[in-house]
Amino acid sequence: MLLFAICTLGRGESLDESWFVKCTGMFIVCLALVPLLCEASQKVLDPFNPRNLFLFSFSLQFGFYPLVILAGGERLPLLNYAAESGIEKYYVYAQVLAVLGLISFLLGYSTRLAERMVRFLPSPRPLDIQRAKRSIWILFIVGYLGMAVFLLKQGGLREFLNNREIWRAEGIPGSGLFLISVDLWLPAAALLPMILLTKCNEPWRKTGRRLGFLCICLIPVLFLGFRSLIIIPVLQGVAVLHYRRKRISVSAFVWVAVLLSVFMTVYGVSRSVHGNASELLAAVGPQEALDYVFFRSPGTDLVATILSNHPDRHFEYGLKGAIESATIVIPRGVWPGKPVSWGERFTTTFFGDYLYMTGIVQEVYGGVNCTAIGYFYLQCGWISVVIGMFLLGMGVKTIYSYGVRFAGSNTAFLLFILLWPVPLIMVDAPQNAFNQIVIILCCAWLPLFYFVRQRN
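Source: prediction; values computed, not measured. Within every chain, residues take consecutive numbers counted from 1 along the sequence as written. Since the coordinates come from a predicted model, pLDDT governs what is reported: local features require at least 70, and pairs of side-chain atoms require 80 or more to be given and counted, while whole-chain, interface and lining totals use all residues. Note: side-chain values were computed over all heavy atoms of the structure, leaving out hydrogens and water.

Undergrad: Quick one: what's the story with the overall build of the chain, residue by residue and with numbers?
TA: Elements are defined by DSSP. Helices are runs of H or I of four residues or more, strands are runs of E of two residues or more, and each kind is numbered from the N terminus. The number of helices and strands found in the chain is 24 helices and zero strands. Here's how the labels work: a residue is buried when its accessible area is under 20% of the maximum for its type, exposed when over 50%, partly exposed in between, all with a 1.4 Å probe on protein chains only. When each of the 456 residues of the chain is scored for burial, the buried share is 49%. A 1.4 Å probe and the Shrake-Rupley method give the accessible areas. Residues count as covered only by the protein chains that appear here. Here the chain displays about 21,700 Å² of accessible surface, and carbon together with sulfur accounts for 65% of that area.

As structure tokens, this is what we get:
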């Protein structure tokens, strides 16, 4: 199918684009299912393998999404505007890039080199119980203090909630440290005791108390309005129980995923109706679930938009992205001339006209993800898609092998749990994932590694 498309497009012959996009969409879905079905047939399928999260999200972006759109489904308003410029004719090229990327990812994941990379990661050190307990309370107190200071800067909780959507769209400069204390240190305060104390034979009563403590730590995150900041720590906590307490079956994992999807839909709609119960019940439906959960990053449309806007004029060559990740922990207050983020440059370049037409007048805009395929393509074309996705597959296999090998009360498993959701972020926005890795290492894992490890 792929060779047929390349040969046909290369000769300039006509091609039933709709037929091809549907076929490649089905091909991507089936290709994503192949490793899962093979492992399920051998009864070794691990639903918490970060590869599975990546494949699920990728198949939504480039598999189910184009099938829904070509069947008459609704686009996001942002992409309805882009569709008026005729981006559908670039669907074929976008799908070809997606197929190349997915094949490269699976090849990178299956290579033996990925398992050998584990030896280059830090060796596990047992956690010191007393030091870890002190760290838990320090992280908890500092996290809540950070949230309190953040709200004081915004004029109080009520004022912040009234302007939350504006803040989420435009950001609040100078608050990065306080937000790190809320969305990183507070979840770490809940995950650390789960990693340290969870045992396979302990009563569920003790496990339930730790899950309750996790919920308490996520209360400030709930007010920020980012669903991913809530869902990811919950999944991390369940992953700890999966590897330390009792393996969770695939069917149980599906139920957890369904419940979280319902929560994400209701929570997303509740922000737009400002908590009105009657409007909330009327607004929740299948289309809202697609918009708020499954098609948050409609991959085919986003990549087609990139292809239709002369991407050769916007190549980043990776250097600016590398500088951004290396300097992400430097506050803008310390560095007033700090360059705008890669995501803001991307949104402004490709969707700034639409956002300007909506009445939001700014120099730069943010909030639109480019997907992994779009990000790598903007580096150096299709060759960087192949290389980038291959290395990404290797990275996912390396961190998974590392975590499974050293699952226990040690620094290696702590690193695995903290990095476990990164592949899910990588599907939507690789630059955000790279930035998150640096933040996790510098602001969470390295300090904890030197403080809570046993000295002998």
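Undergrad: Go over the pattern of salt bridges, please, and point to the residues and values.
TA: Salt bridges are identified by distance alone: a Lys or Arg side-chain nitrogen within 4 Å of an Asp or Glu carboxyl oxygen. One pass over the structure, following the stated rule, counts one salt bridge. In this structure, Arg 51 and Glu 39 form a salt bridge, with 2.9 Å as the shortest nitrogen-oxygen distance. Pair noted here: Arg 51 is in helix H3 (residues 50–70) and Glu 39 is in helix H2 (residues 17–41), with a separation of twelve residues, a long-range link.

Undergrad: Could you give an account of the packing of aromatic side chains, naming the residues involved and the relevant values?
TA: The aromatic pairing rule takes the rings of Phe, Tyr and Trp, using the six-membered ring of Trp, and pairs them if the centres are within 6.5 Å, calling planes under 30 degrees apart stacked, those over 60 edge-to-face and the rest tilted. As enumerated under the stated definition, the model contains 19 aromatic pairs in all. A centroid spacing of 5.0 Å and a plane angle of 40° characterise the contact between Phe 58 and Phe 62, whose relative ring orientation is tilted. Taken as a pair, Phe 58 and Phe 62 lie in helix H3 at a separation of four residues, close to a single helical turn. Of the two residues, Phe 58 and Phe 62, both sit in the buried class. Residue placement shows Arg 131 over the ring face of Phe 451; its charged tip is 5.9 Å from the ring centre. Cation placement over rings: the criterion is NZ of Lys or CZ of Arg within 6 Å of the ring centroid and within 35° of the ring normal. Across from the ring centre of Tyr 109, 4.8 Å away, lies the NZ or CZ of Lys 397, which sits over that ring.

Undergrad: How would you summarise helix H24 (residues 430–452) if you had to cite specific residues and measurements?
TA: The length a helix should cover is 1.5 Å for every residue beyond the first. The end-to-end C-alpha distance of H24, which contains 23 residues, comes to 30 Å, matching closely the 33 Å that a straight helix rising 1.5 Å per residue would cover. Its axis deflected by about 40° at Leu 441, H24 carries its strongest bend there. Residues of H24 that are buried include every one of Pro 430, Gln 431, Ala 433, Asn 435, Ile 439, Ile 440, Cys 443, Ala 444, Trp 445, Leu 448, Phe 449 and Val 452, and no others. Throughout, bend refers to the angle between the axes fitted to the seven residues that end at a position and the seven residues that start at it.

Undergrad: Give me the lowdown on the packing of helix H10 (residues 176–197) against helix H13 (residues 227–244), citing residues and values where you can.
TA: Fitted lines through C-alpha atoms give the axes, limited to the stretch in contact for helices. The angle between two N-to-C directions lies from 0 to 180 degrees. H13 packs onto H10 with a crossing angle of 10° between their chain directions and a minimal axis gap of 10 Å. In this view, H10 runs roughly parallel relative to H13, as classed from their interaxial angle. Two packed elements cross with a definite hand, and for H10 against H13 that hand is right-handed. Judged by residue contacts, Asp 183, Pro 187, Leu 191, Met 194, Ile 195 and Leu 196 of H10 engage Leu 229, Pro 233, Gln 236, Gly 237, Val 240, Leu 241 and Arg 244 from H13. Note that Gly is not counted as nonpolar here; it falls among the polar residues with everything else outside the nonpolar set of Ala, Val, Leu, Ile, Met, Phe, Trp, Tyr, Cys and Pro and the charged set of Asp, Glu, Lys and Arg. For the contact of H10 with H13, the residue count by class is nine nonpolar, two polar and two charged. Oblique is the label for any angle not under 35 degrees, not over 145, and not in the 65 to 115 range, which are roughly parallel, roughly antiparallel and roughly perpendicular in turn. Whether a crossing is left-handed or right-handed is set by the direction in which the near helix is turned from the far one by less than a right angle, anticlockwise for left-handed and clockwise for right-handed. In what follows, residue pairs with any heavy atoms lying within 4.5 Å of each other are defined as contacts.

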